[in-house]
Amino acid sequence: MKRLKYVLALILALGLLGGLGYSAVYGLGADKSGSLDSIDLGLDLAGGVSITYEVVGEENPSKEDMSDTIYKLQQRVQQYSTESQVYQEGANRINIEIPGVSDANKILEELGQPGNLYFIAQTDKDGNENYTYSSGFSYDADGNIVMDENPVFGYVLNKTIDELKADGSIVLAGEDVAAAQAGYQQDSYGAQEPVVSLEFTENGTKAFADATTKAFANGESIGIYYDGQFISVPNVQAAITDGKAVITGMSSFEAADNLASMIRIGGLKLQLNELRSNVVGAQLGSNAIRTSLIAAAVGFALIAIFMIVFFRLLGVSATLALAFYSGLMVFLLSAFEMTLTLPGIAGIILSIGMAVDANVLVFSRIKEEIASGKAVDEARKNGYNKALSSILDGNITTLIIAAVLLWKGTGSIKGFAETLILGIILSMFTALVITRLITSILYGIGLQSPVLYGKAKKVKKFDFIAKRKIFYGISCAIIVAGIIVMAINASAGKGAFNYSLDFVGGTSTTVTFDKEYSLAELESGVKEDIKNAAGINEVLIQTVTGTNQVIFKTSTLTVAQREAVDQALETNYGVSPENIAAETISGVISSEMRTDAVVALAIALVAMLIYIWIRFKDIKFGAAAIIALAHDALIVIVSYAFTRLAVGNTFIAVVLTIIGYSINDTIVTFDRIRENLHLATGRKELEDLVNTSVSQTVTRSLFTSATTFFTVFALYIFGVADIKAFALPLMVGVICGTYSSIFVASPMWYDLKTSFKNFIGSKKAE
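Quick notes on the rules
Residues numbered from 1 in each chain as written. Predicted model: local features only at pLDDT ≥ 70, side-chain atom pairs only at ≥ 80, totals over all residues. Heavy atoms only, no water. Helix = DSSP H or I, 4+ residues; strand = E, 2+ residues; numbered from the N terminus. Buried < 20%, exposed > 50% of the residue type's maximum accessible area, 1.4 Å probe, protein only. Contact = heavy atoms within 4.5 Å. Areas by Shrake-Rupley, 256 points an atom, 1.4 Å probe, with all protein chains shown as cover. Lys, Arg positive; Asp, Glu negative; His and termini not counted. Charge placed at Lys NZ, Arg CZ, Asp CG, Glu CD. Phe/Tyr/Trp six-rings, centres within 6.5 Å; stacked < 30°, edge-to-face > 60°. Lys NZ or Arg CZ within 6 Å of the ring centre and 35° of its normal. Pairing = 2+ DSSP bridges. Axes fitted to C-alpha atoms, helices over the stretch in contact; angles between N-to-C directions. Salt bridge = Lys/Arg side-chain N within 4 Å of Asp/Glu carboxyl O. Bend = angle between axes of the 7 residues up to and from the residue. Expected span 1.5 Å × (residues − 1). Arc of directions from axis to C-beta. Core = buried A, V, L, I, M, F, W, Y, C linked by side-chain atoms within 4.5 Å. Parallel < 35°, antiparallel > 145°, perpendicular 65-115°, else oblique. Left-handed = near helix turned anticlockwise from the far one by under 90°. Patch = residues over 30% accessible without salt bridge, like charges linked within 9 Å, V, L, I, M, F, W, Y side chains within 5 Å.

1. What to know about the overall build of the protein
Line of reasoning, step 1. The secondary structure content of the protein amounts to 21 helices and 23 strands.
Line of reasoning, step 2. Along the three orthogonal principal directions, the C-alpha set of the protein runs to about 105 × 75 × 75 Å.
Line of reasoning, step 3. Across the 766 residues in the protein, those meeting the buried criterion constitute 52%.
Line of reasoning, step 4. Sequence-distant contacts in the protein: of pairs separated by 6 or more residues, those separated by 24 or more amount to 77%.
Line of reasoning, step 5. When the accessible surface of the protein is summed, it comes to about 33900 Å², and 58% of that surface belongs to carbon and sulfur atoms.
Line of reasoning, step 6. With 58 positive and 74 negative side-chain charges, the protein shows a separation of 21 Å between the mean positions of the two kinds.

Structure (structure tokens):
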């Protein structure tokens, strides 16, 4: 009877897995919710809406004003997708590209007219009203109510904007607003009411203080005027001198959020007018999604085979749990409406590696328990209990990095963080709950022989400490060689790195053909002709839906290169010169975004250091972990110098992925050192402790690396060119991350531990 219960549980589990599989393929309902087809894809995988704005009134706005406007627009459009891109085109135009949407008019309506927000005093210096409330009705000579011919309801201006500027009635402009956020505060009855919180710049603070002092004394309001209409006319209830204000009276949080959003978009230094809007196609080509799915299937199969071969029945449990993970990941990506791009895929790859790693940790512990003579059932329970702290510490440290990147990062960095956080939580759930349940079910139906679970072999201890200087030397040699290569490339005029369009911008060439070409034809024909004509390696293609227009983005072309491209297009495709338009474009990763990424990473590393210090009660563990992370990041970075792979959006994702992967790997080894620490009483014992601990975990590190490597290797083999360029440095990172966790991190902790003690001892002796 008891066995029947487990058999039914197995049938139920397989049924649930089948349901998840069905949902992932076919979805639920008419809109296919929960399926792969319902996941929002980024510009690189599926395209979206492209909007071009032109600066009003200035043919050549300053570089600082353009940079500030681009950065603020980037913050604004992230409400649609964290993967939205904003970049400069020519001298006075700004392009916005938003993935996963196809209605350009709706986006334009919601964005409004950027850059023309004003705070207007109710009366001018002579007491004349600058705006009045219109009910749409008026009174005739006999006192009867008459509907106006063109009724206007709400507040209307009594003067033009120019007149208001001239008489000083515009107390603030949008550029004086530093921040606008929707939130809640308690009202006079103790209930939560939605509000808009405003913060002003230094100049704005003084101007707003003067304006509110006057308005409060006269019992007046200050109107907020945007895009040709009043969006709010709040009464001034006090003089506000600290640069912070709150707008109350919001009907709902959504209304507050919309008002805050309009204030932010109006707070641009430049006023912009829409020049054109299009729906554009995917940047990575027609085969990117199909080949990525093939790679995912092959990677899954390789992981399954590996786990079953090395962990037998436990490997079957892990494979089923990983299938649950895959199904749940697809469902949740769809449910949370996350936008999936290459950086997002990097976050998922990292979380898959961590999910498998958690299983490897538990299974290795179970095999150790069986080898020590424990019964299978007891070994299972002990395995999970002993591995729990390692799993939690490894995942929490990576989660800290992801959370800070989500908080402080922008663009693709935020997208990477979103998928990584989801993946970490899901991987912990599948490893600690689903795998354990499946293992218990399999044990309960009678699969209880120790042979089915395997037994750990005796650990062969290697003297890592004695040879640590060799390992340090190898790492230093690679990093120094990379720096030399960077210097040689820079001195040769090629640049230390091969920066892509994402970082340095380039040339955008819009071509109108006499017929519509498929993406496959453009990739195999036109793209290659442009490469050959201009002598370049990188060409991004974007089709414009519903037209014969195609946008080709390349590195910056000289006049001669542009002429060569024009000639090739005219000769091979009959495109006349008037149907070819070339413009210089900026990178999509602005200096502010790069600063945000560095600041976010610095905060994350400090937070991680504090966590490790608290958990391990020794800051030297944290210091050694940071050194190992720096080692891995540097080796990945110099690999770009060696290979001359394009440094772009995916470069940031790769470096962040390896940092997350490496810290997880390192923490597991440190956890074993902490477990064995009570055995060490002197320097010799400490050396033996490190060698033993690393030897005990080296197999697990290699196994985890192998399974993660399989996934990335499959992407490299089956992916399109851009995905190959993404997968190659990831493979380098997986290898160097494993190397550092085995050969660098723990020996470094030993050096810090013994050197610090010697330093303190020498000071005391003095």
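Still more to cover.
2. Considering the packing of aromatic side chains
Line of reasoning, step 1. Inspection of the entire model under this criterion finds 31 aromatic pairs.
Line of reasoning, step 2. Ring centres 4.9 Å apart and planes at 80 degrees place the aromatic pair Tyr-640 and Phe-651 in the edge-to-face group. On the criterion of sequence distance, the pair formed by Tyr-640 in helix 17 (residues 619-643) and Phe-651 in helix 18 (residues 649-676) is long-range, its members being 11 residues apart. Grouping residues by exposure puts Tyr-640 and Phe-651 together as buried.
Line of reasoning, step 3. One aromatic cluster is present, formed by Phe-306, Phe-310, Phe-311, Phe-363, Phe-703 and Phe-710 through successive ring pairs.
Line of reasoning, step 4. Here the guanidinium or amino end of Lys-5 rests over the ring plane of Tyr-6, the centre of that ring lying 5.3 Å away.
Line of reasoning, step 5. Its end group placed over the ring of Tyr-443, Arg-380 keeps NZ or CZ at 4.7 Å from the ring centre.

3. Quick word on the sheet that holds strand 10 (residues 170-173)
Line of reasoning, step 1. Read from one edge to the other, the open sheet built from four strands follows the order 10-5-13-14, with strand pairing classed as antiparallel. The open sheet has two free edges, formed respectively by strand 10 and strand 14 (229-232), since each of these has just one partner strand. Neighbour-to-neighbour, the strand axes of this sheet turn through a mean angle of 35 degrees, independent of strand direction.
Line of reasoning, step 2. In terms of strand pairing, strand 5 (residues 117-121) meets strand 10 through three bridges, oriented antiparallel. Within strand 10, the residue paired with Phe-119 across the bridge is Leu-172.

4. Here's the deal with unusual backbone geometry
For residues besides glycine, phi is generally negative; the peptide bonds are generally trans as well.
Line of reasoning, step 1. Unusually for a residue other than glycine, Lys-617 sits at a positive phi of about 55 degrees.
Line of reasoning, step 2. Relative to the elements of secondary structure, Lys-617 occurs in the loop between helix 16 (591-616) and helix 17.
Line of reasoning, step 3. The residue Arg-644 is not glycine, and still its phi comes out positive at about 60 degrees.
Line of reasoning, step 4. Here Arg-644 is to be found in the loop between helix 17 and strand 23 (646-647).
Line of reasoning, step 5. Taking the relative accessible area as the measure of exposure, Arg-644 reaches 23% and is therefore partly exposed.

5. Details of the environment of Ser-326
Line of reasoning, step 1. Here Ser-326 shows up in helix 8 (residues 313-335).
Line of reasoning, step 2. Sequence separation between Ser-326 and Ala-24 is 302 residues, and the spatial gap between their C-alpha atoms is 8.8 Å.

6. Notes on the pattern of salt bridges
Line of reasoning, step 1. In this structure the tally under the stated criterion is 23 salt bridges.
Line of reasoning, step 2. With its nearest N and O atoms 2.6 Å apart, the salt bridge here joins Asp-665 to Arg-700. Taken together, the residues span a long stretch of sequence, with Asp-665 in helix 18 and Arg-700 in helix 19 (residues 683-718) at a distance of 35 residues.
Line of reasoning, step 3. Through salt bridges with shared partners, a single ionic network connects Glu-54, Glu-89, Arg-93 and Glu-583.

7. Describing helix 14 (residues 519-534)
Line of reasoning, step 1. When the local axis directions of helix 14 are compared, the greatest deviation, roughly 30 degrees, occurs at Val-526.
Line of reasoning, step 2. Residues of helix 14 that are buried include every one of Leu-519, Leu-522, Gly-525, Val-526, Lys-527, Ile-530, Lys-531 and Ala-534, and no others.
Line of reasoning, step 3. Buried residues along helix 14 sit in contact with strand 20 (539-543), strand 21 (549-554) and helix 15 (559-573).
Line of reasoning, step 4. Phi for Gly-535, located one or two positions after helix 14, is positive at around 70 degrees.

8. Points about the pairing of strand 21
Line of reasoning, step 1. Across the six residues that make up strand 21, a large majority, five, are buried.
Line of reasoning, step 2. Of the pairings in the sheet, the one linking strand 20 to strand 21 comprises five bridges and is antiparallel in character. For Leu-540, the partnering residue across the bridge sits in strand 21 and is Lys-553.
Line of reasoning, step 3. Here strand 20 hands over to strand 21 after five residues, with Gly-546 in that stretch at a positive phi of 85 degrees.

9. Here's the deal with the environment of Ala-456
Line of reasoning, step 1. Take Ala-456: it is sitting in the loop between helix 11 (412-444) and helix 12 (468-491).
Line of reasoning, step 2. A relative accessible area of 24% places Ala-456 in the partly exposed class.
Line of reasoning, step 3. Note: C-alpha distance between Ala-456 and Ala-304 (152 residues apart in sequence) is 20 Å.
Line of reasoning, step 4. For Ala-456, the contacting residues outside a window of four places in its chain are Lys-367, Glu-368 and Ala-371.

10. Concerning helix 15
Line of reasoning, step 1. Taking 1.5 Å per residue, 15 residues should reach 21 Å; helix 15 reaches 21 Å between its end C-alpha atoms and fits that length.
Line of reasoning, step 2. Those residues of helix 15 that sit buried are Gln-561, Val-565, Ala-568, Leu-569 and Tyr-573. One side of helix 15 carries all its buried residues, which in axial view fall inside an arc of 95 degrees. Exposed side chains of helix 15 directed beyond 90 degrees from the buried face belong to Val-559, Ala-560, Glu-563 and Thr-571.
Line of reasoning, step 3. Its buried side turned inward, helix 15 meets strand 19 (506-512), helix 14 and strand 22 (580-585).

11. So, the nonpolar core
Line of reasoning, step 1. Ranked by internal contacts, the top residues of the largest apolar core, which has 136 residues, are Met-307, Phe-363, Ile-612, Phe-670 and Trp-749.
Line of reasoning, step 2. If one sorts the elements of this core by residue count, helix 9 (residues 342-371) sits on top with 15 residues.
Line of reasoning, step 3. With near-sequence residues (within four places) excluded, Trp-749 lies in contact with Asp-618, Lys-620, Phe-621, Ala-624, Phe-670, Ile-673, Leu-677, Leu-686, Leu-689 and Val-690.
Line of reasoning, step 4. Formed by 44 residues, the second largest nonpolar core is a distinct cluster that contains Ile-51, Ile-107, Phe-119 and Ala-215.

12. Considerations on the packing of helix 12 against helix 17
Line of reasoning, step 1. The geometry of helix 12 relative to helix 17 is characterised by a closest axis approach of 9 Å and an angle of 40 degrees between their N-to-C directions. On the basis of the axis angle, helix 12 is oblique to helix 17. At the point where helix 12 passes helix 17, the crossing takes the left-handed sense. Between helix 12 and helix 17, the contacting residues are Ser-475, Ile-478, Ile-479, Ala-481, Gly-482, Ile-483, Val-485, Met-486 and Asn-489 on the first element and His-631, Leu-634, Ile-635, Val-638, Ala-641 and Phe-642 on the second.

13. A word on a nonpolar patch on the surface
Line of reasoning, step 1. Taken together, the side chains of Leu-4, Val-7, Leu-8 and Ile-11 make up a nonpolar region of the molecular surface, amounting to roughly 350 Å² of accessible area.
Line of reasoning, step 2. Examined against the element boundaries, Val-7 turns out to sit in helix 1 (residues 2-26).
Line of reasoning, step 3. Judged by its relative accessible area of 33%, Val-7 falls in the partly exposed class.

14. Some thoughts on the sheet that holds strand 15 (residues 244-247)
Line of reasoning, step 1. If you trace the three strands from one edge of the open sheet to the other, you get 11-12-15, paired in antiparallel fashion. Whereas interior strands pair on both sides, the edge strands pair on one side only; in this sheet they are strand 11 (177-186) and strand 15. Across the sheet, the axes of successive neighbouring strands diverge by a mean angle of 25 degrees, strand direction being ignored.
Line of reasoning, step 2. In this structure, strand 11 lies alongside strand 12 (residues 192-200), joined through nine bridges in antiparallel fashion.

That is the geometry; function is a separate question.
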